[in-house]
Every structure is written in C-alpha cells, then in structure tokens.
Amino acid sequence: MTRTPSNLPTFAAEALEEVRRSSPLVHSITNSVVVNFTANALLALGAAPAMVDIPDEAGPFASIASGLLVNLGTPHAEQRDAMREAVAAANSEGTPWVLDPVAIGALPVRTPLAFELRDARPTVVRGNASEIIALAGVGAGGRGVDSSDSVDDALEAARAVAAATGGVVAVSGPVDVITDGDRVVRIANGDALLTKVTGGGCALGAVIAAFASVDADRLDTTVAAVAVYTIAAEIAAAEARGPGSFAVAFLDALANVTPAEIASRAVIS
Amino acid sequence: MTRTPSNLPTFAAEALEEVRRSSPLVHSITNSVVVNFTANALLALGAAPAMVDIPDEAGPFASIASGLLVNLGTPHAEQRDAMREAVAAANSEGTPWVLDPVAIGALPVRTPLAFELRDARPTVVRGNASEIIALAGVGAGGRGVDSSDSVDDALEAARAVAAATGGVVAVSGPVDVITDGDRVVRIANGDALLTKVTGGGCALGAVIAAFASVDADRLDTTVAAVAVYTIAAEIAAAEARGPGSFAVAFLDALANVTPAEIASRAVIS
Amino acid sequence: MTRTPSNLPTFAAEALEEVRRSSPLVHSITNSVVVNFTANALLALGAAPAMVDIPDEAGPFASIASGLLVNLGTPHAEQRDAMREAVAAANSEGTPWVLDPVAIGALPVRTPLAFELRDARPTVVRGNASEIIALAGVGAGGRGVDSSDSVDDALEAARAVAAATGGVVAVSGPVDVITDGDRVVRIANGDALLTKVTGGGCALGAVIAAFASVDADRLDTTVAAVAVYTIAAEIAAAEARGPGSFAVAFLDALANVTPAEIASRAVIS
C-alpha cells in the first residue's frame, strides 16, 4: 500500500527508530570540505560512517555497505575511479546509492561525470535546484555550490531525472521537493541556518543513503530522511546564536530528536 | 584620496557591510586540515565559498570568482596543478588573489612553488613572520606551521615581498602588520586563542580574498579583513572556555559582529 | 625503575605538564575525515600539529618532528608514499612513531600496507580490537571502522603484535588495554560519546605520539596519553547534551584539565 502525506510523518518516525536500531553502514565518497561533518551527522543519527574513497577498496567496501553516497564536490582523480567502482558494486549488490551532483553545470570534469553516474541509475539524486536542472540537461547550473534557481523551477527537471534513472530525486530548498517522477512530496521543515554551515546539504545525501536501507520504498525513505534532518535543523536553530553554535546544536538534535517529535512536527504535503 | 589610520576603522565597517551585501564568491584552494573551517568562516561572514581544487576546473572557476585563495598547506600534485591554473586565470581576469605560503622554508615541494607563485604577483600575501621571511629569500623559515620569528623581524622581508609582487603583504602575529612596501599599518586586535584553533590563520587568507573584491585599494581591504577577523576573535574569546568553544563562538561572532562594533573596536595605527 | 599502576597516575600528570611545556611537534599523516579534529586536539593539548603528507616533504619533516602518526584511514597514493618516507626517516632519527591501522582486515590496499608498516617496527600501534586482531594476522577485521571484537578478545593479538614490533600496542575500547607484550595495563576512564565523534579514536593516535616524546618508556607514555585523553572525555561528557556539544567540550577539557585531576581521576590497573 502506498503511503500518503497523512501517514508519512508516522513513517518518518518509524524509519528513524529503525536507522537507530540497525545502525546502517553508510559508505560515503564525498568532498574534503564536508567529510568530517558528514561522518559526524551519520554518527549522531546512529548510523555507521565509513569514507573509503580509493580505487581497489571502494568497490569491495560498497559491496558490504548498507548504503552509498557519491558526492562530486572535490572529485580528485582517485576519487573518480573509486566512485565508478563503488557504483558498479552497489548496482551489482542492489545496495541503494545516492548521487549528489555538487556544482555541476559549467565545470568540465564533474559535469560529464555526473551524467555518466546518472546513467548508472542512482537510487536517489539529491541536489539544489540549479544542480538538478543541470543534471536534466536543461540548464547551465548555478554559481558554484549555490543555487540560482528556485525549487519549483526545478520540478520538471526533477521529474525528467527521475524518469531517466528510475529512481527518486530530492531538490533541496526552503521547501524540499521529492519526486519519483510520478508522486511529488513537499516538506516544509528546516531553517536557513542550514545554508550557513558547509555540508548542510551534502550531509543530507549521506542521511538519505542511511534511510534508504530501512525500506524498499525510496520515495518514502527519502521523505523520512529529509523530515528528520530538517526538523533537527529547526530544533537547533531555536537555540543557536549563529552558524557556529547551530552546527553544534544540529548534531546534538540529530542524536536527541525523538520519533514522537518527528511525527508531530513534520510538515509534509 | 588615501585613507588614513584614523578613518580605516570606518572603512573596515563599510567593507564588512559590502561583503555581506555582495556575498563574494571566494574560490579557495586550501589544505585538507582547514578546508572545512575556512568554508564555515566565509559562510559566517556572508561570503560564498567554493573549494574547486582539481585541474581543468580550477582555471575556469577562478575566472568567474570574486576572489581566490591559494594556500600551500597540503599541496598534493593535483592541487599544485590546480593552483597554477587558477592563478593564471585570476591574473588574466584581474581577479584578486591571496597567497598563503604555509610552512615554507625548508620543505622542498612547497618552497619552490611559493617562489613561483610569488613571481606570479599575488594581490596579497598572508603568512606568519617566518613564512614571510622565507618568501623574501632571507631566512630559513619556522618550525612547521609555527613562526619562530617576530612580526617586527619580518617587516623588512614584508616590504621586500611587496616590492617584488607589487601587492600587499600581511604578517600575522600578536600585532598584525600590513604593508604595500610603502605604507605600513598595524592592527592590535585579536586573541591568542586564535592560534589554538587549526585554520585560525589559514581562514584569514580566504577572508582577505573576500574583502579584496569590494574595493580597489587592497592595502585598505586587507586591513579591513584583518580588523573584522581579529575583532570577531576578541568577541569570541570573551565568552570561550577553551579552544573548542572559542571556534564555535568565533563563527557566531563573524556572523553577528556589527559594523558599529568594527568601527569602535578596531585598533589601527 | 619500572613504574607501577599505583604511580602511573602521577606519571600521567607529570607527562601532561611536560607535553604542555615542551610543545612537541607532532607530524600527522592521517585521513581526510579526522585531520581537522586531530590538529585541534593536539593544539588543545599544547602540542604543535603539522600534517605534511606529500612525497619528498614527509621524510624531511619526520626527521625534525618530535613524534609521528601514520593513520591508514584514507590512504591515497601520495599519502602511501609519504608514509613510507616518513617512517624511514623516523626510524633513522629515532623519532617515536604511532601506527593506526584503520579498518584493516579485508580492504586490499591498506591491509598489506599495514603489515608492511608493522614490520617497520612502530613505537606504538593503536587500534580497536578488530584492527589489532587483523594486524596480528589472526582475524578478518571488523565492519569498516567499527570493532566487532572485544578488547579482551584482542589481548593475545596485541601481545603478538608487540612481540613482532618490539613496541607497544594500545587497544581502544570501553576499557583500554595497553601492552608491550609483557606488562599489561588497563585504563578504565572515558565515555561512550567519544565513539560518536569521528576521530575520537584517530586523534588519540596523535596524542600518543605527542606523549611518546617526553619519556623513553613508551608503555608508560602511552598509558599517560590514554589517561589524559579519556579523562578529558569524562569531563566533557558531564556537560555535553549530545555528540556536537561533546566534541566542543572535549577540546576545552584537553586544554583545561589539570595535572591534579589526571592524578586523582585515572583508573589504571
């Protein structure tokens, strides 16, 4: 039975419990800027991070992981080879994997790599509006890591990417939009301070990979991941005095937020 | 009209407002130790960080950035190529760029690279006394990343480097000294806790690059950057209980410090 | 005279004072996930970190360092060459060095590298139980960076590794076990929150390298390092509200813990 917006908050709460219970091993090949914050976000959540990002190891490791993140933020040559290996292994094993096409559009190394990886059919793609538009092949991308397009502008692109991959696409913004090409779910939680901490978006990709391990419906697990992540941001923002204290409070909130809080605070439509 | 020490605090306050208004895109090629803190410092300040550090992408990205930082802390082979590309593009476009010659002196890869980059005429060089003395070719450098020389010992070296580059040199220490080879400005703000957080110096280089985008007088923009940065450190130190809480409070202070506080607290001579 | 468990707490207190007084230069070749936290832990402790991890520089730098850490967490090709260079230089100069065989067992690049480095006779090996068992050649390793074996299970493996290296082996866990193959010391300080911050184990390797510079008995200096580190964790946990605030409080505690607190709180048997 397909879950509906009215019962997705309850599912998000249950999925959080299951992540904490099963402690999924999340293999993250990610950029040097956010790798520490990403590992700490996964640990706070109750997942087990591992950042194996060299050739000959990334493939075998992806085979035993519960989920995989491939983030294109600083794609050095060894990492690019490791990404290809890991994706092939994940696809071979049926391991869910998330593609985060950071800052693609004009940059000439990561952009063709993102298309190549898109064609390997990621379970979930997460990006900002400009990145999703670029990945659909219909836009020129944003200004570096920022989005110059709105989330609603990206909806058709998101549907197109989902159709191409057969998976789910999550567009991050003030209201997050998640689609499998057919259903469209919006989540209106979060706080602007999340955009003032580097990795605020990138770590979400790893959290989506963690949640993808707990249920076969990856639209729903992605909604759950985004809800948990953005509600933790709201809790943290309520006590933060700036971006430094927000990042600290956010990790605390990821560890302490209760399933009941998720069920009651999630704004999903 | 050349600004004087008496009106530089007001200029620093105005420059901070302009950085927050324009959100300059600061391309940072920096070391793995401090890359996260550097991005967070830029975000807290209101600038937009992007850490594009691979060949074939660093050049195109530097062409569209508002400012560039090249930091030699962990200069892996791909980064060295990326630095050369980015500097060539910045010079071609007239983009201001900052060189931070971390730990040069005896180390045999970064030291010749620093001389090569010095000869490419950086807009600003930022370093500690030992690094500036080494870059002038008159000393053997410090002990790793620490300075074994005083800022005043480095003044003649700083003038020599400025004469060689045609740019500005900022020597970090208890009192910061900034010179274009002719004028010499001293800033007596800051706190020793800044030396107990890794990246306390390195992130300043990125902040100098951000400020360099808002005015053509790079001696003045560098003074403004150092004043804002070190006043934020003072504010943070007043409430910190150690280096961990200082780093958090420092990011909060970079985000919250007001132009009026900058104008009233800056100690510039 | 060999120190006994009854006077090791006093020695740990004295060793902390000596680290703060001498500020040992700790050369750390470590993984991208924890490099920032490791540098900050060393700075908080009063040591001087330097992360020189490229070929041609790692050897010369290890020659002048007070201690060296080689951590296999993300062993990119340049780092692997840098590790070999640094270890050869450390051995040539008699510089104490620490090997942290992160996640070895099944992974095919780091595992043979760990054996190669083990045979170069590290002064101290630090790992979790699964890593030490794998390094002894008697087990298959853990699940990524986590241990699936208990510390006591690893005692015989630790003795075997110590016999092979002629050095000290520290097994991290709820109770830390440290052996030189003959004496076995247990330290019952610490807090589980240390496992919820990435680098909680890895940074300890750098701290062990710092302490190894202050006395010729590396079993005792390792006990001192582990005691100081885990007591700081206890102090931090008492005021933390989650893993984010714990990491901040931990760095503050490393900076503020007094020798008297070490002497009174250390639980060594």
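Residues numbered from 1 in each chain as written. Chains lettered and ligands numbered in written order. Predicted model: local features only at pLDDT ≥ 70, side-chain atom pairs only at ≥ 80, totals over all residues. Heavy atoms only, no water.

Naming follows an unreviewed UniProt entry, where chain A appears as Hydroxyethylthiazole kinase of Agromyces atrinae. Under the UniProt heading Function (unreviewed entry), the note attached to chain A is "Catalyzes the phosphorylation of the hydroxyl group of 4-methyl-5-beta-hydroxyethylthiazole (THZ)." Here chain A is described in UniProt, under the heading Pathway (unreviewed entry), as follows: "Cofactor biosynthesis; thiamine diphosphate biosynthesis; 4-methyl-5-(2-phosphoethyl)-thiazole from 5-(2-hydroxyethyl)-4-methylthiazole: step 1/1." (UniProt positions renumbered as here; feature names shortened; annotations may be inferred.)

A. Main features of the overall build of chain A. Secondary structure summary: chain A contains 11 helices and 8 strands in total. A compact globule built from 269 residues should have a C-alpha radius of gyration of about 18 Å, and chain A, at 16 Å, falls within 12% of that. The principal-axis extent of the C-alpha atoms belonging to chain A is close to 45 × 40 × 35 Å. When the 269 residues of chain A are sorted by exposure, 63% land in the buried category. In chain A, the share of contacts with a sequence separation of at least 24, taken over all contacts with a separation of at least 6, comes to 70%. Carbon and sulfur atoms form 51% of the exposed surface of chain A, whose accessible area is close to 8200 Å². (Helix = DSSP H or I, 4+ residues; strand = E, 2+ residues; numbered from the N terminus. Rg over C-alpha atoms; globule rule 2.2 N^0.38 Å. Buried < 20%, exposed > 50% of the residue type's maximum accessible area, 1.4 Å probe, protein only. Contact = heavy atoms within 4.5 Å. Areas by Shrake-Rupley, 256 points an atom, 1.4 Å probe, with all protein chains shown as cover.)

B. Looking closely at the nonpolar core. Residues L45, F211, F246 and F250 of chain B are the most contacted members of the largest nonpolar core, which totals 59 residues. Counting residues per element, the ones that place at least two in this core are α1 (8-22), α2 (35-45), β6 (168-172), β8 (184-187), α8 (202-212), α9 (218-237) and α10 (243-256) of chain B. No other element matches α9 of chain B, which puts 13 residues into this core. In contact with F250 of chain B, other than residues within four places in its own chain, are F37, L194, Y229, A232, A233 and A236 of chain B. In terms of nonpolar packing, the next biggest core, distinct from the first, is built from 58 residues, A203, A236, L251 and I262 of chain C among them. (Core = buried A, V, L, I, M, F, W, Y, C linked by side-chain atoms within 4.5 Å.)

C. Main features of the UniProt feature "binding site: substrate" (unreviewed entry) in chain A. Annotation from UniProt places "binding site: substrate" (unreviewed entry) at M51 and G199 of chain A. Relative to the helices and strands, M51 of chain A is located in the loop between β2 (48-50) and α3 (58-64). The exposure class of M51 of chain A is buried, given its relative accessible area of 8%. Once you skip the residues sitting within four places of it in the chain, M51 of chain A turns out to touch S28, V35, T38 and A39 of chain A together with V33 and T74 of chain C. You can see G199 of chain A is positioned in the loop between β8 (184-187) and α8 (202-212). By relative accessible area, which is 7% here, G199 of chain A ends up buried. Apart from the residues lying within four places of it in its own chain, the contact partners of G199 of chain A are V34, F37 and Y229 of chain A.

D. Layout of the interface of chain B and chain A. Taken residue by residue, the interface counts 27 residues in chain B and 27 residues in chain A. When chain B packs against chain A, the two sides together hide about 2100 Å² of surface, and 57% of this comes from carbon and sulfur. For the chain B face of the interface with chain A, the top three residues by lost area are L43, E57 and D252 of chain B, together amounting to 23%. Put simply, chain B and chain A have 2 salt bridges between them. A salt bridge links E239 of chain B to R241 of chain A; the nearest nitrogen and oxygen atoms lie 2.6 Å apart. The tally of links from chain B across to chain A stands at 12 residue pairs in polar contact (both at pLDDT 80 or more). Listed by contribution, the elements that provide at least two residues to the side of chain B that touches chain A are α2, β2 (48-50), α4 (77-93) and α10 of chain B. (Buried area = accessible area lost by both parts, 1.4 Å probe. Salt bridge = Lys/Arg side-chain N within 4 Å of Asp/Glu carboxyl O. Polar contact = N/O pair within 3.5 Å; in protein donor to acceptor, adjacent residues only side chain to side chain.)

E. Local environment of the interface of chain A and chain C. Counting from both sides, the interface comprises 27 residues of chain A and, opposite them, 26 residues of chain C. Across the interface of chain A and chain C, roughly 2100 Å² is buried in total on both sides, 57% from carbon and sulfur atoms. Inspection of the region where chain A meets chain C yields 2 salt bridges. Counting across the interface, chain A meets chain C through 12 residue pairs in polar contact (both at pLDDT 80 or more). Put simply, the parts of the chain that give the side of chain A that touches chain C at least two residues each are α2 (35-45), β2, α4 (77-93) and α10 (243-256) of chain A. When residues of the side of chain A that touches chain C are assigned to their parent elements, the largest contribution, 6 residues, is made by α2 of chain A. For the side of chain A that touches chain C, the per-class residue count stands at 15 nonpolar, 6 polar and 6 charged. (Nonpolar A, V, L, I, M, F, W, Y, C, P; charged D, E, K, R; others polar.)

F. Summary view of the environment of I29 of chain B. Inspection of the secondary structure puts I29 of chain B in strand β1 (residues 25-29). Excluding anything up to four places from it in sequence, I29 of chain B contacts V52, D53, A58, L68, L69, V70, N71, Q79, A82, M83 and A86 of chain B.

G. Summary view of the relation of the copies chain B and chain A. Note on the copies: chain B fits chain A at an RMSD of 0.0 Å, the axial shift is 0.0 Å, and the rotation between them is 120°. Such a turn and shift between the copies fits a three-fold axis. Identified as the residue of chain B closest to the rotation axis by C-alpha distance is S32 of chain B, at 3.8 Å. Mapped onto chain A, only 4% of the interface residues of chain B are again interface residues, and the two copies thus contact each other with different surfaces. (Least-squares fit on C-alpha atoms with pLDDT ≥ 70 in both.)

H. Geometry of the relation of the copies chain A and chain C. Note on the identical chains: chain A maps onto chain C by a rotation of 120° and an axial translation of 0.0 Å, with an RMSD of 0.0 Å. When the interface residues of chain A are mapped onto chain C, a mere 4% of them again lie at the interface, so each copy presents a different face.

I. Representation of the UniProt feature "binding site: ATP" (unreviewed entry) in chain A within the structure. Residues and elements named next belong to chain A. With numbering matched to this structure, UniProt assigns "binding site: ATP" (unreviewed entry) to R126 and S172. Considering the C-alpha atoms alone, the annotated residues occupy 47 residues of sequence yet fold into one spot, their largest mutual distance being 7.3 Å. Tracing the chain through its elements places R126 in strand β5 (residues 124-128). For R126, the residues in contact, after removing those within four places along its chain, are L99, D100, P101, I132, A170, S172, G201, C202, L204, G205 and I208. With respect to the helices and strands, the residue S172 is situated in strand β6 (residues 168-172). Judged by relative accessible area, S172 falls into the buried class, the value being 19%. For S172, the contacting residues outside a window of four places in its chain are R126, G127, N128, A129, V151 and L204. Engagement of the side chain of S172 in a polar contact is seen with the side chain of R126, the distance being 2.6 Å.

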